[in-house]
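Coordinate inspection notes
Residues per chain, in single letters:
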Amino acid sequence: MTFSHAFLSMLTRNRLKVRNINRRYATPRVKLSPAVRWTLLILRIYLLALVVLLGYKFFTIVSQ
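This write-up is about the structure you can find in this document. (Residues numbered from 1 in each chain as written. Predicted model: local features only at pLDDT ≥ 70, side-chain atom pairs only at ≥ 80, totals over all residues. Heavy atoms only, no water.)

1. Topic: the overall build of the protein chain
- For the protein chain, the helix and strand inventory stands at two helices and zero strands.
- Over its C-alpha trace the protein chain gives a radius of gyration of 20 Å, far above what one expects of a compact globule, namely 11 Å for 64 residues.
- Dimensions along the principal axes, computed over C-alpha positions, put the protein chain at roughly 50 × 50 × 5 Å.
- For the protein chain, with 64 residues in total, the buried portion stands at 0%. (Helix = DSSP H or I, 4+ residues; strand = E, 2+ residues; numbered from the N terminus. Rg over C-alpha atoms; globule rule 2.2 N^0.38 Å. Buried < 20%, exposed > 50% of the residue type's maximum accessible area, 1.4 Å probe, protein only.)

Dropping the structure here:
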């Protein structure tokens, strides 16, 4: 068995595992209140803003 064959078979198995997990959790089991939904949305926006700031800081440091 060559390295490329082993690597491709590993990727295939992992892809199937991810698909099964995504299929299992496609529908949420817990009912979220509107307050929790808004809080999670704000948290998602905050995390995206942090990633954007981190990228901006990286590019300003690299360009100097």
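2. A few points about the packing of aromatic side chains
- Overall, the coordinates contain two aromatic pairs when judged by the stated rule.
- Relative to F7, the ring of F3 has its centre 6.1 Å away and its plane inclined at 20 degrees; by these criteria the two rings are stacked. Residue F3 and its partner F7 are located together in helix α1 (residues 3-24), separated by four residues, close to a single helical turn.
- Classification of F3 as exposed rests on a relative accessible area of 69%. (Phe/Tyr/Trp six-rings, centres within 6.5 Å; stacked < 30°, edge-to-face > 60°.)

3. Some remarks on a nonpolar patch on the surface
- A cluster of nonpolar side chains, namely V30, L32, V36, L40, L43, Y46, L47, L50 and L53, defines an oily patch on the protein surface of about 810 Å² accessible area.
- Checked against the element boundaries, L43 lands in helix α2 (residues 34-63). (Patch = residues over 30% accessible without salt bridge, like charges linked within 9 Å, V, L, I, M, F, W, Y side chains within 5 Å. Areas by Shrake-Rupley, 256 points an atom, 1.4 Å probe, with all protein chains shown as cover. Salt bridge = Lys/Arg side-chain N within 4 Å of Asp/Glu carboxyl O.)

4. Describing α2
- Taking 1.5 Å of rise per residue, the 30 residues of α2 would be expected to cover 44 Å, and the 43 Å separating its terminal C-alpha atoms lies within 8% of that figure.
- By the criterion of burial, α2 is predominantly exposed, with just zero of the 30 residues buried. (Expected span 1.5 Å × (residues − 1).)

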